Amino acid sequence: MKIDILDNITGFGKHDWQAVWVIIWFMAGVVALFIGFWTTTQQTALDTFYLLVSIIGLLCVVGLSFRKNIAGNGLGMLATAGEIVVQATAGAVGLMLAPLFNFFTHLYGVRYWSYHTNADGEMIPKTTNKYIWLVTVAFIGIGLALFPLVNAKLAEMGFGVIVDDGSRFLGMVDFFWINVLAFVLSITAQTAMILRYSFNWWLWIIVNAVWLIVNLMTGNTIFAIQTVIYQVNAFVGLYGWYRSEQLANNS
């Protein structure tokens, strides 16, 4: 299905609105993040570093949605390195695992994507088959089953990723399992993205919704705002990747 405005934004339409969209989206994101930073934090050095990492993250995800290798994976390495430092300085050593994983996947992506680009230097997405969907569902299922056990072992060594404090979302769902779901889905989505599968954006849309709940419940306003901004970009990325895949298959 073609949508004219999204075609123009993603570079497949009669008009080239890519640069205009990126500037508007990025500036809106920076303003929203700064408002959150100024009104909900003490503006400490660590808070400022959080803000800078979030801004780099904006550039990274928009680069990924437009299939730009260096802007996406290159800045992704920088952003995830910053997240590792943030978690380390905050004493959340276990939470360093996800950005550490993402750092090395972006490192791999820089080389892998370079072999699969078009004449404009944009990465060409891969078509997903039923086998890949089954592997993905199995990966998520295994991850959800094993993560609590792995997390418990890590906690014994002082590296627990998620703490089960008994809190519940809307009084019904254990916050612990919301965190587990967010962690497993984000790892899966990241892997699918680096491997160039367009369906990764469906996973990121779900991940963003779950992470928004996590950030709101933990009072992490800056990252909650960042998640909403990411969600807008995820829908643009979803459309752009599928259109690129469609055109590549028809050529």
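None of the values given here were measured: they were computed from a predicted structure. (Residues numbered from 1 in each chain as written. Predicted model: local features only at pLDDT ≥ 70, side-chain atom pairs only at ≥ 80, totals over all residues. Heavy atoms only, no water.)

Colleague: How would you summarise the overall build of the chain if you had to cite specific residues and measurements?
Modeller: Scanning the chain for helices and strands turns up nine helices and two strands. When its helices and strands are written in sequence order, the chain yields α-α-α-α-α-α-β-β-α-α-α. For the chain, whose C-alpha radius of gyration is 18 Å, the value lies close to the compact-globule estimate of 18 Å for 251 residues. C-alpha extents for the chain along the principal axes are approximately 55 × 45 × 35 Å. Put simply, the chain has 251 residues, and 45% of those count as buried. (Helix = DSSP H or I, 4+ residues; strand = E, 2+ residues; numbered from the N terminus. Rg over C-alpha atoms; globule rule 2.2 N^0.38 Å. Buried < 20%, exposed > 50% of the residue type's maximum accessible area, 1.4 Å probe, protein only.)

Colleague: Pulling in residues and values, what's your account of the confidence of the model for the chain?
Modeller: In the predicted model, the chain carries a mean pLDDT of 87, and 95% of its residues have values of at least 70. For the chain, the element scoring lowest by mean pLDDT is strand S1 (residues 168–169), at 71; helix H5 (residues 97–114) scores highest, at 93. (pLDDT = per-residue confidence, 0-100.)

Colleague: If you had to explain the UniProt feature "transmembrane region" (unreviewed entry) in the chain to someone new, which residues and values would you point to?
Modeller: When the UniProt feature table is mapped to this numbering, "transmembrane region" (unreviewed entry) covers residues 20–37, 49–66, 86–110, 131–149, 169–187, 199–217 and 223–242. Along residues 223–242 one finds 100% helix and 0% strand; the C-alpha atoms at either end are 28 Å apart. (UniProt positions renumbered as here; feature names shortened; annotations may be inferred.)

Colleague: Describe helix H6 (residues 130–156), naming the residues involved and giving the relevant values.
Modeller: Helix length check: H6, at 27 residues, gives a terminal C-alpha distance of 39 Å against a target of 39 Å (1.5 Å per residue), a fit within 8%. Taken residue by residue, H6 has Ile-132, Thr-136, Ile-140, Phe-147, Pro-148, Asn-151 and Leu-154 as its buried positions. Where H6 is buried, its residues touch H5, helix H7 (175–194) and helix H8 (200–217). Here H6 starts with a cap whose side-chain oxygen sits 3.1 Å from the backbone nitrogen of Tyr-131, and that cap is Asn-129. Phi turns positive, to about 85°, at Gly-158, one or two residues after H6. (Expected span 1.5 Å × (residues − 1). Contact = heavy atoms within 4.5 Å. Polar contact = N/O pair within 3.5 Å; in protein donor to acceptor, adjacent residues only side chain to side chain.)

Colleague: A description of the packing of helix H4 (residues 69–89) against H5 should follow, citing residues and the corresponding values.
Modeller: For the pair H4 and H5, the least separation of the axes is 8 Å and the interaxial angle reads 165°. Taken together, the axes of H4 and H5 are roughly antiparallel relative to one another. In terms of crossing hand, the pair formed by H4 and H5 is left-handed. Each of Asn-69, Ile-70, Gly-72, Asn-73, Gly-74, Gly-76, Met-77, Thr-80, Ala-81, Glu-83 and Ile-84 in H4 lies in contact with H5, whose residues at this interface are Pro-99, Leu-100, Asn-102, Phe-103, His-106, Leu-107, Gly-109, Val-110, Trp-113 and Ser-114. Looking at the contact of H4 with H5 residue by residue, the class counts come to ten nonpolar, ten polar and one charged. (Axes fitted to C-alpha atoms, helices over the stretch in contact; angles between N-to-C directions. Parallel < 35°, antiparallel > 145°, perpendicular 65-115°, else oblique. Left-handed = near helix turned anticlockwise from the far one by under 90°. Nonpolar A, V, L, I, M, F, W, Y, C, P; charged D, E, K, R; others polar.)

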